[in-house]
Amino acid sequence: MTLPPPNELEQILVTQRGYLLRFARLQLRNETWAEDAVSETLLAALARPQAFEGRSQVRTWLVGILKHKIIDALRQHGREIASGDGSADAQEDPLEHMPFAPDGHFAQMPADWGNPEQDLRQRQFMAVLDACTEKLPAAQGRLFLMREWLELSSEEICKELGMTSTNFYVQLHRARLRLRECLELNWFARSPAQ
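Residues numbered from 1 in each chain as written. Predicted model: local features only at pLDDT ≥ 70, side-chain atom pairs only at ≥ 80, totals over all residues. Heavy atoms only, no water.

**Overview of the environment of H68**
So, point 1. Inspection of the secondary structure puts H68 in helix α3 (residues 58-77).
So, point 2. Residues H68 and L150, spaced 82 residues apart in sequence, show a C-alpha to C-alpha distance of 8.0 Å. (Helix = DSSP H or I, 4+ residues; strand = E, 2+ residues; numbered from the N terminus.)

Next up, the structure:
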């Protein structure tokens, strides 16, 4: 896949701006910082369109640029980022709802997901995964994206969000369980005819 001509590239960037802005807002929790990160991302893409090598979709390329801009903003603004949402979900006992048997194993095995590598390559799966990620509670979604998409270390995330490592792992586990449930309902449990 090659990059489209400059006038088409500008139009593609305009259509991706909303998605990039939602992603940046979730991570930065500050409208101005999110706008700045997305603007810098789009400017970088326009300044060096030849950096797009066609090994991915344009959106994936832009998210890659945005990830670096978000990390820069997180480091630049340090502890100014809002961390807790004070919701009941964040305050309830984390062990109360975990699906574990007394021996420590999962009480219920996950559904058969088929061949995940093949599914990950499918655009539809990525759209469902994106929708499921957006349905996570804001704090868990942010933590999950910091860990899995921005690839920040546990220590960096705990420092950024002002949380203990125990709470971090509990919240990450909750996010993964919710994503699992959402994916099983909206992707893996679908009938083959869909």
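**A look at the packing of aromatic side chains**
So, point 1. Evaluated as defined, the whole model comprises two aromatic pairs.
So, point 2. When the centroid spacing of 5.5 Å and the interplanar angle of 20° are considered together, the rings of F23 and W149 count as stacked. Of this pair, F23 sits in helix α1 (residues 6-28) while W149 is found in the loop between α7 (138-148) and α8 (154-161), placing the two residues 126 residues apart along the sequence.
So, point 3. Residue F23 is classed as buried on the basis of its relative accessible area of 4%.
So, point 4. Between F168 and Y169 the ring centres are 4.8 Å apart and the planes differ by 70°, which places this aromatic pair in the edge-to-face class.
So, point 5. Of note, R59 hangs over the ring of Y19, and the distance from its end group to the ring centre comes to 3.8 Å. (Phe/Tyr/Trp six-rings, centres within 6.5 Å; stacked < 30°, edge-to-face > 60°. Buried < 20%, exposed > 50% of the residue type's maximum accessible area, 1.4 Å probe, protein only. Lys NZ or Arg CZ within 6 Å of the ring centre and 35° of its normal.)

**Considerations on the state of the cysteines**
So, point 1. Applying the stated criterion across every chain, the model contains one disulfide.
So, point 2. Through a disulfide, C132 is tied to C182; the S-S separation comes to 2.0 Å. An S-S torsion of about -75° defines the bridge between C132 and C182 as left-handed. Residue C132 is found in helix α6 (residues 123-135), and its partner C182 is found in helix α9 (residues 165-188); the two are separated by 50 residues along the sequence. Residue C132 shares its accessibility class with C182, and that shared class is buried. (Disulfide = S-S within 2.5 Å.)

**Quick notes on the nonpolar core**
So, point 1. Formed by 50 residues in total, the largest nonpolar core has its most connected members in L20, L66, I70 and F144.
So, point 2. Secondary-structure elements contributing two or more residues to this core are α1, α2 (31-47), α3, α6, α7, α8 and α9.
So, point 3. Considering each element in turn, this core owes the most residues, ten residues, to α3.
So, point 4. Residues within four places of L20 in sequence aside, it is in contact with V38, T41, L42, L62, V63 and L66. (Core = buried A, V, L, I, M, F, W, Y, C linked by side-chain atoms within 4.5 Å. Contact = heavy atoms within 4.5 Å.)

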